[in-house]
Amino acid sequence: MSASPTSDLSIASEPPVVVGVDGSEHSLRALEWALGAAEHLGSPLVVTHVRSDALQLGAARIASLGQSPELPDTVVTAVRNVVEARGHTLPVRYASLDGSVTDALPAAARGARLLVTGSRGHGGFASLLLGSTSRTLAATAPCPLVVVPHEARTAALEGGAGAGRVLLGLHPQETPDEVLDFAFEAALHRGVPLEVVTAFRLPPQPGALVVAPSPALQVPPPLPLADDMEEQLVREGKREQEERLRPFAERRPGVELVPVVTPGDAAGLLVEGSRDAGLLVVGRHHRHRFGTLLVGSVAHAVLHHAHCPVAVVPPTGP
């Protein structure tokens, strides 16, 4: 990755919000959201554009002739005009980047507070809910990635980055601390409630079990489920959720918590809840044993189907 000579990614000591744009409507929606988020956080904004392969090649050819390549980045120019016309109260810098998008944006976002992208860019098929670039960045971004949905899936972005409650998908035993920290901070800065959803699956009913194909393979029938099994599981889930949330709530007493513990599919419940949420927060899985980073099944599902912006928070450490 290389930035244009006139760009400076380290615009302030405060970690910036970095947004990737390509001039598409999807990326301009992400830009609008990133501007609002940076204003809420009091962070500077870095607007980045990865130059097209043709522009990169042209610059390289000019450089090979011993001349300084001064090819204008028309996307950055157009986006700058959009930002200045909107108006802003925070430092904004612009950077033209070289390399592949999936390499250049994570490099630009090292040490950033957020990396923001649209759900699709130029060339995306209308039937696709999530572009390949956003899908890759969800697994590789070095900081929390926010994917802003395209217009057909938007719940209510009219209020900007501060509108709507924050929705957190929580597994009490598995969700890392940094995911909870991010969700609490997001709710605090926006001044909105934090709804925490913990979902669990009920054990299968005896009648739903597959019958053995042979008497020799038959096993004693399972014990019938207690009539209050669901109530017991809900009580236990509430206890575990409350214990998990307690230290974070004590550190941020100004955040209004809305705890939800219910049987069902976690991804489905979060997607449905995203219809009137402002931000949906999920965690990214830790490294696979082969060293690759994985996006969990819940994060994968909500990235494809959520109606509001989705924040995927990476784990810290190895």
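Residues numbered from 1 in each chain as written. Predicted model: local features only at pLDDT ≥ 70, side-chain atom pairs only at ≥ 80, totals over all residues. Heavy atoms only, no water.

Thoughts on the environment of P142
Phase 1 of the analysis: On the secondary structure map, P142 appears in the loop between α5 (132-140) and β5 (145-148).
Phase 2 of the analysis: Setting aside its immediate chain neighbours within four residues, P142 contacts P106, A109, R110 and P314. (Helix = DSSP H or I, 4+ residues; strand = E, 2+ residues; numbered from the N terminus. Contact = heavy atoms within 4.5 Å.)

Some thoughts on the packing of aromatic side chains
Phase 1 of the analysis: Evaluation of the coordinates by the stated rule reveals one aromatic pair.
Phase 2 of the analysis: Ring geometry for F184 against F248: centres 6.0 Å apart, planes inclined by 25 degrees, an arrangement best described as stacked. Linking F184 in helix α6 (residues 177-190) with F248 in helix α7 (residues 229-251), this pair joins segments that are 64 residues apart in sequence.
Phase 3 of the analysis: Directly above the aromatic system of F248 lies the positively charged group of R251, at a separation of 4.8 Å from the ring centroid. (Phe/Tyr/Trp six-rings, centres within 6.5 Å; stacked < 30°, edge-to-face > 60°. Lys NZ or Arg CZ within 6 Å of the ring centre and 35° of its normal.)

A look at the nonpolar core
Phase 1 of the analysis: Ranked by internal contacts, the top residues of the largest apolar core, which has 44 residues, are L45, V116 and V281.
Phase 2 of the analysis: Sort the elements by how many residues they give to this core and helix α1 (residues 25-41) lands first, with eight residues.
Phase 3 of the analysis: Not counting chain neighbours up to four residues away, the residues in contact with V116 comprise V17, V18, V19, G20, A30, W33, A34, V146 and V148. (Core = buried A, V, L, I, M, F, W, Y, C linked by side-chain atoms within 4.5 Å. Buried < 20%, exposed > 50% of the residue type's maximum accessible area, 1.4 Å probe, protein only.)

Some words on the side chain of H304
Phase 1 of the analysis: If you trace the backbone, H304 turns up in helix α9 (residues 297-305).
Phase 2 of the analysis: Judged by its relative accessible area of 17%, H304 is buried.

So, the packing of helix α4 (residues 101-108) against α5
Phase 1 of the analysis: Packing of α4 against α5 leaves a shortest axis separation of 10 Å and a crossing angle of 45 degrees. It follows that α4 is oblique to α5 by the angle criterion. In terms of crossing hand, the pair formed by α4 and α5 is right-handed. Contact residues: α4 offers V101, T102, L105 and P106, while α5 offers T133, T136, L137 and T140.
Phase 2 of the analysis: Of the residues that constitute the contact of α4 with α5, the class distribution is four nonpolar, four polar and no charged. (Axes fitted to C-alpha atoms, helices over the stretch in contact; angles between N-to-C directions. Parallel < 35°, antiparallel > 145°, perpendicular 65-115°, else oblique. Left-handed = near helix turned anticlockwise from the far one by under 90°. Nonpolar A, V, L, I, M, F, W, Y, C, P; charged D, E, K, R; others polar.)

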